Amino acid sequence: MIQFSPLVTYPSAGHHNGDLGATANGYTEGELTQELRNLVVKELSRLNVKYITDKDDETNRQYQGRIKPADGSVIFDIHFNAGPPTATGTEAIVANEANEISKQFAKELADETAKILGIRNRGVKDETGTHHSRIGILRLPAGTAALMEVCFITNMSDMAAYQVNKERLAAFYAKTLKKYDDMI
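None of these values were measured; they are calculated from a predicted model. (Residues numbered from 1 in each chain as written. Predicted model: local features only at pLDDT ≥ 70, side-chain atom pairs only at ≥ 80, totals over all residues. Heavy atoms only, no water.)

## What to know about the pattern of salt bridges
Within this structure, the stated rule accounts for eleven salt bridges. E43 serves as the salt-bridge partner of R46, at 3.0 Å between the closest nitrogen and oxygen. Here the residue R46 and the residue E43 both occupy positions in helix α1 (residues 29–46), the gap between them amounting to three residues, near one helical turn. For E43, a relative accessible area of 16% corresponds to the buried category. Ionic pairing is found between D111 and K107, a salt bridge with its closest N-O pair at 2.6 Å. Here D111 and its partner K107 are both found in helix α3 (residues 100–117), four residues apart, which amounts to about one turn of the helix. Salt bridges linked by common partners bring R37, D54 and D56 together as one network. (Salt bridge = Lys/Arg side-chain N within 4 Å of Asp/Glu carboxyl O. Helix = DSSP H or I, 4+ residues; strand = E, 2+ residues; numbered from the N terminus. Buried < 20%, exposed > 50% of the residue type's maximum accessible area, 1.4 Å probe, protein only.)

## So, α1
If you check α1, its first and last C-alpha atoms are 26 Å apart, about what 18 residues at 1.5 Å a residue would give, namely 26 Å. Those residues of α1 that fall on the buried side of the exposure criterion are E29, G30, L32, T33, Q34, L36, R37, L39, V40, V41, E43 and L44. Turning to α1, the residues buried within the fold contact β2 (9–13), β4 (27–28), β6 (74–81), β9 (144–152) and α4 (156–182). After α1 finishes, the residue N48 shows a positive phi value of roughly 60°. (Expected span 1.5 Å × (residues − 1). Contact = heavy atoms within 4.5 Å.)

## Looking at the nonpolar core
For soluble globular proteins, nonpolar side chains are generally found buried alongside one another. Ranked by size, the top nonpolar core spans 37 residues in total, and within it L36, F80, V150, Y162 and Y173 carry the most contacts. Taken together, the elements giving at least two residues each to this core come down to α1, β6, β7 (90–94), α3, β9 and α4. At ten residues, the largest contribution of residues to this core is made by α4. Y162 has contacts with L32, E35, L36, F80, L117, V150, C151 and L169, leaving out every residue within four places of it along the chain. A95, I137, A142 and A145 belong to the second largest nonpolar core, which has 14 residues in total. (Core = buried A, V, L, I, M, F, W, Y, C linked by side-chain atoms within 4.5 Å.)

Pasting the structure below:
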């Protein structure tokens, strides 16, 4: 069943039960992304924001086929970065041809995530700045879209900061999603 609405926010965990992503320091990226998505959804509900989210047992391709965002939509895909244990920071990714609103959205996400977690801000990158040349969820026809690399799962300090601040971070993300959803 295809779900469509121009004024909907689409928060998603970047990984699902069949693709758990990176693992390090006793954490699994899929579990972290699902947990944070659920915290964001709880806050969105509290703020009365209409949302459609991914399901833990569906692939990203299935999710993208099920939803039909439109110009008034906001897409927010959650990930945790991986690298050497010394790699640190947060970054937001936008499509290569991202509009100015998506770039502004991504910058706001990266700036405040770095502030809340007290970690390095690696800024906003487009898809070519990642190990993928194209990221499917960023190419859906939404008015605003960003993929958030919250912090490095491979950095124990990043993860400690995340664990202490995840509820505050989720509240910020929900408030920011509402702000951009209300712009249209």
